[in-house]
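# A look at the structure
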Amino acid sequence: MPYSKNDRENLTPRERPTPTLSIVVPCYNEEESLPFLLEGIDKLNENLLATGRIEQPLTLWLVDDGSADRTWELIKTTTARFEISGIKLSRNHGHQYALLAGLMQADGDVIVSMDADLQDDPNAAGEMIDHYRKGSEIVFGVRASRTTDSALKRKTAQGYYRLLSILGVDLIPDHADYRLMSRKARDTLASFGESNLYLRGLVHKLGFQTSIVTYDRAERSAGESKYNLRRMISLAIDGITSFSVRPLRLITLSGFFIAAASFLFIAYALVAWFMGETIPGWASTTLPIYFLGGAHLIALGVIGEYIGKIYTETKARPRFIIDTTIHNDANETAKPEAAPNQKAAE
Ligand code: UDP
Ligand code: MG
């Protein structure tokens, strides 16, 4: 990502003042990727300070989503040239909830969320801050290409985005959870109390002035994807059912359609009967039974999906439970002047 002092000098006086920056990263069994992440964030911190995009070191918020490995040990003991805040959730809550926990705690003027595996190029955060200063409340990171994904993942993602748009769900294609939110956008997000979280859809619903920054998505720095097929399907269903009731309407529509078709069928049968052409009719009796049985079950399933959502929403359980929060101040030997700034930021 190109940085230059000139970028800063080109800022007009009407632009917003230099913000303080929090970066939120959910971590689930990420002991292998954390060292790479810290290295990447350290470089980013250097760059942002050098280009004047931030005036004091950033704060990194690491949310341990109930990891079974040494992730929390690492978070607790690591110090860096920036402050590290750790949030340990009481158990594994899932990516979206871990991310929400971090977003709600983070205290920067701007809050950038990204994954632990450096698939989201941290350097794009610089450009995001520039957009914020020009007035954007939300800046979406969008993948320039999906070359690092398998052909299957690419195709299913494309199909999914098409389906969402048919169902009237407004989303930014190829935007995952790499984005900048201003404090104002974050506080507005906090007022949405829903339990079935699909953050990329919810944040898009907030409105405000937004912009897009594109970046190349890299391979995972280390470790394996924590999204198995089951989690991916569940996120995909949440994306639809949290934002669109069109599937319910489609059921009603198909009901009308089948009813209309059966009237035609009755008319035809009557005519046939008057004309004395009674049909032995095994196929015409059993096939509709199977077909309608299937259609009914699908319809019930779709309705059940929504009722399940209503069920979890009405319980209004906390969306995440925090066990412990810690703050590791910036490593004073590495950067003595960082510490007082950090205090001022709090
Ligand atoms: N993650 C999490 N809780 C989970 C699953 C994943 O906090 O239950 C985190 C994970 O550590 C990573 C991010 O969510 O920082 C995205 O996960 P991953 O990289 O495995 O997903 P992919 O990029 O393969 O879609
Ligand atoms: Mg990833």
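Residues numbered from 1 in each chain as written. Chains lettered and ligands numbered in written order. Predicted model: local features only at pLDDT ≥ 70, side-chain atom pairs only at ≥ 80, totals over all residues. Heavy atoms only, no water.

### Quick look at the overall build of the chain
- Each helix and strand in the chain was counted, giving 12 helices and 8 strands.
- If one aligns the C-alpha atoms of the chain with their principal axes, the spans along those axes are about 100 × 45 × 40 Å.
- Partitioning the contacts of the chain with sequence separation of at least 6, the portion at a separation of at least 24 is 85%.
- Surface accessibility of the chain: about 18000 Å² in total, with carbon and sulfur atoms responsible for 60%.
- With 38 positive and 42 negative side-chain charges, the chain shows a separation of 5 Å between the mean positions of the two kinds. (Helix = DSSP H or I, 4+ residues; strand = E, 2+ residues; numbered from the N terminus. Contact = heavy atoms within 4.5 Å. Areas by Shrake-Rupley, 256 points an atom, 1.4 Å probe, with all protein chains shown as cover. Lys, Arg positive; Asp, Glu negative; His and termini not counted. Charge placed at Lys NZ, Arg CZ, Asp CG, Glu CD.)

### A look at the nonpolar core
- By size, the foremost hydrophobic cluster in this structure holds 37 residues, and its most contacted members are V24, L103, L164 and L189.
- Secondary structure elements with two or more residues in this core: β2 (59-64), β3 (83-89), α4 (95-105), β5 (138-143), α6 (151-166), α7 (183-190), α8 (199-205) and α9 (229-241).
- The leading source of residues in this core is α4, at 6 residues.
- L164 has contacts with V169, L171, Y198, G239 and I240, leaving out every residue within four places of it along the chain. (Core = buried A, V, L, I, M, F, W, Y, C linked by side-chain atoms within 4.5 Å. Buried < 20%, exposed > 50% of the residue type's maximum accessible area, 1.4 Å probe, protein only.)

### Here we look at the site of ligand 1
- Around ligand 1, a shell composed of 20 residues is seen, among which E30, D65, D117, S225 and K226 lie nearest.
- Note that an oxygen atom of ligand 1 is positioned 2.9 Å from one of the backbone N or O atoms of A116.
- R217 is positioned such that a nitrogen or oxygen atom in its side chain is 3.0 Å from an oxygen atom of ligand 1.
- With the chains in place, 95% of the 530 Å² that ligand 1 exposes on its own is no longer accessible.
- Most atoms of ligand 1, that is more than half of them, are within 2 Å of grid points of the largest pocket.
- Those elements that place two or more of their residues in the shell around ligand 1 are β1 (21-27) and α4. (Near = heavy atom within 4 Å. Polar contact = N/O pair within 3.5 Å; in protein donor to acceptor, adjacent residues only side chain to side chain. 1 Å grid on protein atoms, 1.4 Å probe; cavity = no way out; pocket = protein on both sides within 12 Å on 5 of 7 lines; lining within 4 Å. Sits in = over half its atoms within 2 Å of the grid points.)

### A look at the packing of α6 against α9
- Between α6 and α9, whose axes approach to 10 Å, the crossing angle comes to 20°. It follows that α6 is roughly parallel to α9 by the angle criterion. Between α6 and α9 the crossing geometry is right-handed. Contacts between α6 and α9 involve K153, Y160, L163 and L164 from the first element and M232, L235, A236, G239 and I240 from the second. (Axes fitted to C-alpha atoms, helices over the stretch in contact; angles between N-to-C directions. Parallel < 35°, antiparallel > 145°, perpendicular 65-115°, else oblique. Left-handed = near helix turned anticlockwise from the far one by under 90°.)

### Re the layout of surface pockets
- In this model, the largest pocket occupies a volume close to 1100 Å³.
- What lines the largest pocket is a set of 42 residues, and nearest its centre among them are K153, S225, Y227, M232 and L235.
- Elements that contribute at least two residues to the lining of the largest pocket include exactly β1, α4, α6, β6 (175-182) and α9.
- Considered as a void within the structure, the second largest pocket measures approximately 300 Å³ in volume.
- Along its surface, the second largest pocket is lined by R91, H93, Y97, S195, N196, D238, T312, K315, R317, P318 and R319.
- Here the residues of the lining of the second largest pocket sort into 2 nonpolar, 4 polar and 5 charged. (Points joined across faces, edges and corners; volume = space filled by probe spheres on them. Nonpolar A, V, L, I, M, F, W, Y, C, P; charged D, E, K, R; others polar.)

### So, unusual backbone geometry
- Positive phi, close to 50°, is recorded for N29, a residue that is not glycine.
- Structurally, the position occupied by N29 is in the loop between β1 and α2 (34-50).
- Unusually for a residue other than glycine, A316 sits at a positive phi of about 45°.
- By relative accessible area, A316 is classed as exposed at 57%.

### A few points about the environment of E31
- With respect to the secondary-structure elements, E31 resides in the loop between β1 and α2.
- Separated by 38 residues in sequence, E31 and D69 place their C-alpha atoms 6.7 Å apart.
- In this view, E31 contacts D69, R70, T71 and L74; residues no more than four positions away in its chain are not counted.
- A distance of 3.1 Å separates a polar side-chain atom of E31 from the backbone nitrogen of R70.

### Some details on the environment of G52
- By secondary structure assignment, the location of G52 is in the loop between α2 and β2.
- With relative accessibility at 14%, the residue G52 sits in the buried group.
- Along the primary structure G52 and L287 are separated by 235 residues, whereas in three dimensions their C-alpha atoms are 71 Å apart.

### Examining the pattern of salt bridges
- In the structure shown here, the tally under the stated rule is 12 salt bridges.
- The shortest N-O distance in the salt bridge between E30 and K226 comes to 3.8 Å. Separated by 196 residues along the polypeptide, E30 in the loop between β1 and α2 and K226 in the loop between β7 (210-215) and α9 bring together distant segments of the chain.
- A salt bridge links D177 to R200, with the shortest nitrogen-to-oxygen separation between them at 3.0 Å. Taken as a pair, D177 in strand β6 and R200 in helix α8 lie far apart in primary sequence, 23 residues in all. You'll find D177 and R200 in the same group, each marked buried.
- Among the charged side chains, a salt-bridge network with shared partners connects R16, E137 and K184. (Salt bridge = Lys/Arg side-chain N within 4 Å of Asp/Glu carboxyl O.)

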